[in-house]
Amino acid sequence: MKKVIFRHSTSRQLLLSVAFLFTFTLSGFSQAQAAQDTTAQAEAGQETAAADAGGSGLGDPAAGKELFNSLCASCHKPYSNSIGPALNGVTDRRDMEWIHEWVKNSAALIASGDSEANEVYNEWGQTAMPAFPQLSNGDIDNILAYVEQPKPEPQAAAGGAAGEAGAAGGSGGVSTDVILGILVFVLAILLVVLFLVNKTLRNFADASGIVIPEKPKRKPIYKAFVENQFLVLVSSIFVLLAVGYFAYGWMMQVGVDKGYQPIQPIHYSHRIHAGDNQIECKYCHSSARTSKHSGIPSLNVCMNCHKSISEVAPETAAEEYSKEFYDKEIAKLYDAAGWDPASRTYSGEEKPVKWVRIHNLPDFAYFNHSQHVTVAGIECQKCHGPIEEMEIVYQNAPLTMGWCINCHRETNIRIEGNEYYEKIHEELSKKYGVEELTAAQMGGLECGKCHY
């Protein structure tokens, strides 16, 4: 009998595997612990910053934030210039008593001939600051405590560390990724062990002169399929029906752009504008009230707000888009409009923004926005979907002829405050025996209404 030369291979492989597994586990524990330590340091830093602001003797930053957002945020920012100067560091530049007088009545301080007041007034284009006599010295100190807090660091890295630490804490200190990695590694080791055992047994059988019987070859499945004529017939019919079904469905989608979501030259988030800030759709698309088209807002409409909004708040950012991303998009708007945020003036060098149209009806179909928005009072979401939730706008509805006809069949006509429809409504209500008429019953299915 021949000696088997693989006698110790399996045990050696298992020993190495256990050693590697132990090392991998320790690495996972150390990474989880490091994430927890990073999160703890970040939280400690935030607490220290808050304590410094509160312990500076200025006031309560939390109360100051509420006052700042309601009274000051339209003209001032803590860390950058706006209509007025950045307020962070103002207590180092000005005396506290002077700040109190300035906030309560800046016009009176300027009229008194105060040199500092006139300097600030002239430096900022003689823009008058509203008086706030209702604020006490304590209220002003609270606002100062808020704006004098150190500028927060970007939250991307801290958020990632917190997320890793949270995942680690949820499984007793070991993250889910580590556990899955260990399981995959163990399965791989088992496969290797089974392969080695099989190889060892085959070598042992060869050395012992044992012949391993081979399995009889079966007829290939494709030959068995071809020889079964009934199965071939049924399969052919099924394939033909499936091809016809999918071909018809594909051809019916020609010209239907539902789900179309192009990338625009400047990223505009409807989620932030229409959702978080609740800006009405018709503020930007004002021609939808009186015109066939809803219109593309001019850059002047954007600059009505963005003269004072050069960056987004950190909490506004989405998971896939950081604060830095949004701030760069606002910079693109400034470049296109020719706006210099430093001097707060227009350079006169405007650049066209090549917006990509999303909703596009064929030329032979007539649609009037004012008829639907002003007369019918239909909400924009009826056709455009939950626009206030869309980060990137997409075509929500198919905008096909059948889709429009179904809407006309299901939507009742509004006649309140519209005398034009009263007599027609009375006559047609008698004709159809109903109290409320649909757009279809008012002639909304006539070909000439949409095709002219």
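This structure is a prediction, so every number in the text was calculated from the model and none was measured.

Trainee: Give me the lowdown on the overall build of the protein chain, citing residues and values where you can.
Mentor: Counting its regular elements, the protein chain contains 21 helices and two strands. For the protein chain, with 452 residues in total, the buried portion stands at 26%. Within the protein chain, residue pairs in contact and separated by at least 24 positions form 68% of the contacts whose partners lie at least 6 positions apart. Of the accessible surface of the protein chain, which amounts to about 30600 Å², a share of 60% is contributed by carbon and sulfur atoms.

Trainee: Give a description of the confidence of the model for the protein chain that names residues and reports values.
Mentor: Low pLDDT means the predicted atomic positions in that stretch should not be read closely. Summing up the model confidence of the protein chain, the mean pLDDT is 83 and the portion of residues at 70 or higher is 83%. When the criterion is pLDDT under 50, residues 156-171 qualifies, and its contacts beyond four places in sequence or with other chains add up to 17 contacts.

Trainee: Lay out the side chain of Lys-282 with the relevant residues and their values.
Mentor: By the element assignment, Lys-282 lies in helix α13 (residues 281-284). Overall, the relative accessible area of 17% leaves Lys-282 in the buried class. Leaving out residues up to four positions away in the same chain, Lys-282 has contacts with Arg-289 and Val-373.

Trainee: Account for the pattern of salt bridges, with residues named and values stated.
Mentor: In total, this model carries 10 salt bridges according to the counting rule given. Ionic pairing is found between Asp-335 and Lys-351, a salt bridge with its closest N-O pair at 3.0 Å. Taken together, the residues Asp-335 in helix α15 (residues 323-337) and Lys-351 in the loop between β2 (345-346) and α16 (369-375) connect sequence positions 16 residues apart. You can call Asp-335 partly exposed: its relative accessible area is 42%. Here the salt bridges do not stand alone but share partners, grouping Arg-271, Asp-276 and Glu-391 into one network.

Trainee: I'd love a proper account of the packing of helix α2 (residues 61-72) against helix α7 (residues 137-147), names of residues and values included.
Mentor: Close contact between α2 and α7 brings their axes to 7 Å; oriented N to C, the two are set at 95 degrees. Comparing their axes, α7 and α2 come out roughly perpendicular. Along its contact with α2, which presents Pro-61, Ala-63, Gly-64, Lys-65, Leu-67, Phe-68 and Cys-72, the element α7 presents Asp-139, Asn-142, Ile-143, Ala-145, Tyr-146 and Val-147.

Scoring rules and cut-offs
- Residues numbered from 1 in each chain as written.
- Predicted model: local features only at pLDDT ≥ 70, side-chain atom pairs only at ≥ 80, totals over all residues.
- Heavy atoms only, no water.
- Helix = DSSP H or I, 4+ residues; strand = E, 2+ residues; numbered from the N terminus.
- Buried < 20%, exposed > 50% of the residue type's maximum accessible area, 1.4 Å probe, protein only.
- Contact = heavy atoms within 4.5 Å.
- Areas by Shrake-Rupley, 256 points an atom, 1.4 Å probe, with all protein chains shown as cover.
- pLDDT = per-residue confidence, 0-100.
- Salt bridge = Lys/Arg side-chain N within 4 Å of Asp/Glu carboxyl O.
- Axes fitted to C-alpha atoms, helices over the stretch in contact; angles between N-to-C directions.
- Parallel < 35°, antiparallel > 145°, perpendicular 65-115°, else oblique.

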